[in-house]
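Remarks on the overall topology
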Amino acid sequence: NYLPGSDHGREEYLPEFAVMVSGSSAFQRLIVSFMVCIAVYNFSGLTVTQHISAMTRCLIDSCRTMLVWFVSLGLFYGGYP
């Protein structure tokens, strides 16, 4: 079971990831902004569930998926190479 490459076929290698994060401030900002976005999303989902209903949260979540799909289609067919 030998795979070529220095990582021996691993998709994720924690020491290499740590070196990448420590060496790039842009990557650090990207990780922090991703974490903030996920925290805001989860907080708003809990707030909607608390004030309205879980069914409304499910509908909003479905619309979010549909919005991402439509934006992806728009970008794909929008004339970008």
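Use the structure listed above.
Residues numbered from 1 in each chain as written. Predicted model: local features only at pLDDT ≥ 70, side-chain atom pairs only at ≥ 80, totals over all residues. Heavy atoms only, no water.

**With respect to the overall build of the chain**
Of the regular secondary structure elements, the chain holds 3 helices and 0 strands. In the chain, which comprises 81 residues, the share counted as buried stands at 2%. Summed over its atoms, the accessible surface of the chain is roughly 7400 Å², and 70% of this surface lies on carbon and sulfur atoms. (Helix = DSSP H or I, 4+ residues; strand = E, 2+ residues; numbered from the N terminus. Buried < 20%, exposed > 50% of the residue type's maximum accessible area, 1.4 Å probe, protein only. Areas by Shrake-Rupley, 256 points an atom, 1.4 Å probe, with all protein chains shown as cover.)

**Focus on the packing of aromatic side chains**
One pass over the full model with this rule turns up 3 aromatic pairs. On the basis of an interplanar angle of 75 degrees and a centroid distance of 6.1 Å, the ring pair of Phe17 and Phe27 is categorised as edge-to-face. Of the two residues, Phe17 sits in helix α1 (residues 14–22) while Phe27 sits in helix α2 (residues 25–51), which places them 10 residues apart along the sequence. Judged by relative accessible area, Phe17 falls into the partly exposed class, the value being 39%. By relative accessible area, Phe27 is classed as partly exposed at 25%. With centroids separated by 5.3 Å and ring planes inclined at 55 degrees, the aromatic side chains of Trp69 and Phe70 adopt a geometry described as tilted. On the basis of relative accessibility, which here comes to 48%, the residue Phe70 falls in the partly exposed class. (Phe/Tyr/Trp six-rings, centres within 6.5 Å; stacked < 30°, edge-to-face > 60°.)

**Notes on the packing of α2 against helix α3 (residues 54–77)**
For the pair α2 and α3, interaxial distance at closest approach is 7 Å and the crossing angle is 140 degrees. Judged on the interaxial angle alone, α3 and α2 are oblique. Side by side, α2 and α3 meet where Tyr41, Gly45, Leu46, Val48 and Thr49 of the first sit next to Ala54, Thr56, Arg57, Ile60, Asp61 and Arg64 of the second. Its residues assigned to classes, the contact of α2 with α3 comprises 5 nonpolar, 3 polar and 3 charged. (Axes fitted to C-alpha atoms, helices over the stretch in contact; angles between N-to-C directions. Parallel < 35°, antiparallel > 145°, perpendicular 65-115°, else oblique. Contact = heavy atoms within 4.5 Å. Nonpolar A, V, L, I, M, F, W, Y, C, P; charged D, E, K, R; others polar.)

Functional significance is not addressed by these values, which are geometric in nature.
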